[in-house]
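# Chains, contacts and geometry: an overview
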Amino acid sequence: DPDSGDNGLLLYSLVSGQTNEFDINENTGQIFTVSVAGKAGTFNLEVQAADQGTRRLSARTTVSVTLDASSSSNIVMLVLNQQINVVERKSAELQRVLEDKLGWNVYVVNIYSKESDRNARSSTNETQVNIIAFDEANQEVPAEDVKRKLREQKDAIEQELEKVFSASVSAAIAEPPAAAASPELVAAIVLGVLLAATLIALLVCVLLDLKRKRYRGKHGKQDLVKKVEIMEGIDNPWAADKNGSLKSLEKPEHMNN
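Under an unreviewed UniProt entry, the name given to the protein chain is FAT4 protein, and the source organism is Chloropsis hardwickii. In its Subcellular location (unreviewed entry) section, the UniProt record describing the protein chain reads: "Membrane".

The following block contains the structure:
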C-alpha cells in the first residue's frame, strides 16, 4: 500500500480455512503452522490484508499450502523462554545468530507454542523452534552434531539472542516425546502377562500335586511294610514251615501248661 500513515499500515489475518492448524503474523503476513502433526495434503487459506485508515480498505486472496507428510530425523527442537509472537517477528535474526555460531546454513522449519489458542499463545513464555542445518555440500547435518554444537555454543548463542530480544534468553535443547505404545501393543502385553501368570499358576499346581502323590506313595509303602511285619509276627497256624509243610494245628507242649 503506497499510502502513508494509518492508510498505509497493513495488517494481515486469516479469514477462513484451517485456523487451528495455521496462523499468520499480522504485521508481516508470514504464515506458519500451529499444529499439523500427522496431517498432509493441500490446504487453502483465505488471507486478508487491510489498511488502518478511517475508511478501511482491504483485499483478499487464497493461499494454497502444501504440507508434506515426510519429515527429517535431523530436525532439532530448540526451546526459547520467549513469547511466540516475539519469536515469530525475530525469526530472521534468530536464524542469523544460529548460522553465525554453528557455522552451518540453518533453516527455521517451524515455530510453535504448546498452546493453540491465540490469546494463550500470546501469554505463554515458551516457544519451540524446529531447526535443520545444512553443510557446504547442502547435505543435512546429523541432529546429534547440531545438538553438540548448540551445547558448545550455548552461552554465546544466548548472549547474542539477548541483544535480539532485548531480554534475558534461555535456549534449551528439547527431545521429542517418545512415541506412545499403540493400543494393540498394550493389549498384547497385557495378554502376555496374563498368559504367563496362568502358566506359572498351572505349573505350581502340577508340582504340588506331584509332591502330594510322592508323599502318599512313600508313606503308603512304609505302612504296607509295617503291616506285613506285623502279620509275620502273628502265629499263623496255616503258615508254611521252612520245609514247606503246613504247621501243626496243635499247640506246642509248653503252651499246655
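If the charged atoms of two oppositely charged side chains come close together, the side chains can form a pair. What the rule picks out here adds up to 6 salt bridges. Where Lys101 meets Asp100, a salt bridge forms, and the shortest distance between an N and an O atom there is 3.7 Å. Under the relative-accessibility criterion, Lys101 is labelled partly exposed at 21%.

This part covers the sheet that holds strand E1 (residues 10-16). What the 3 strands build is an open sheet, ordered E1-E4-E5; its pairing is antiparallel. The sheet is open, and its two edges are formed by E1 and strand E5 (58-67), each paired on a single side. When the angles between neighbouring strand axes are averaged without regard to direction, this sheet yields 30°. In the sheet, E1 pairs with strand E4 (residues 41-51) via 6 bridges, with the strands oriented antiparallel. Residue Leu11 lies in a different strand from E4, and its bridge partner there is Ala50.

The subject of this paragraph is the packing of aromatic side chains. Inspection of the entire model under this criterion finds 2 aromatic pairs. Seen from their ring centres, Tyr107 and Phe134 are 5.7 Å apart, and the 80° between their planes marks the pair as edge-to-face. With Tyr107 in strand E7 (residues 105-112) and Phe134 in strand E8 (residues 127-134), this pair connects stretches of sequence that are 27 residues apart. For Tyr107, a relative accessible area of 42% corresponds to the partly exposed category. Positioned above the aromatic ring of Trp104, the side-chain terminus of Lys149 is 4.8 Å from the ring centre.

Taken together, Leu202, Leu203, Val206, Leu207 and Leu210 make up a surface patch of nonpolar side chains, about 450 Å² in accessible area. Within the fold, Leu210 resides in helix H6 (residues 183-233).

Further remarks concern the packing of helix H2 (residues 91-102) against helix H4 (residues 143-152). Interaxial distance between H2 and H4 falls to 10 Å at its minimum, and their mutual angle equals 90°. Considered as vectors, H2 and H4 are oriented roughly perpendicular to each other. Where H2 abuts H4, its residues Leu98, Lys101 and Leu102 lie against Val146, Lys149 and Leu150. Split by residue class, the contact of H2 with H4 holds 4 nonpolar, no polar and 2 charged.

This part takes up unusual backbone geometry. Positioned with a positive phi, Ser166 is a non-glycine residue whose angle comes to about 55°. By secondary structure assignment, the location of Ser166 is in the loop between helix H5 (154-165) and strand E9 (171-174).

Parameters and conventions
Residues numbered from 1 in each chain as written. Predicted model: local features only at pLDDT ≥ 70, side-chain atom pairs only at ≥ 80, totals over all residues. Heavy atoms only, no water. UniProt positions renumbered as here; feature names shortened; annotations may be inferred. Salt bridge = Lys/Arg side-chain N within 4 Å of Asp/Glu carboxyl O. Buried < 20%, exposed > 50% of the residue type's maximum accessible area, 1.4 Å probe, protein only. Pairing = 2+ DSSP bridges. Helix = DSSP H or I, 4+ residues; strand = E, 2+ residues; numbered from the N terminus. Axes fitted to C-alpha atoms, helices over the stretch in contact; angles between N-to-C directions. Phe/Tyr/Trp six-rings, centres within 6.5 Å; stacked < 30°, edge-to-face > 60°. Lys NZ or Arg CZ within 6 Å of the ring centre and 35° of its normal. Patch = residues over 30% accessible without salt bridge, like charges linked within 9 Å, V, L, I, M, F, W, Y side chains within 5 Å. Areas by Shrake-Rupley, 256 points an atom, 1.4 Å probe, with all protein chains shown as cover. Parallel < 35°, antiparallel > 145°, perpendicular 65-115°, else oblique. Contact = heavy atoms within 4.5 Å. Nonpolar A, V, L, I, M, F, W, Y, C, P; charged D, E, K, R; others polar.

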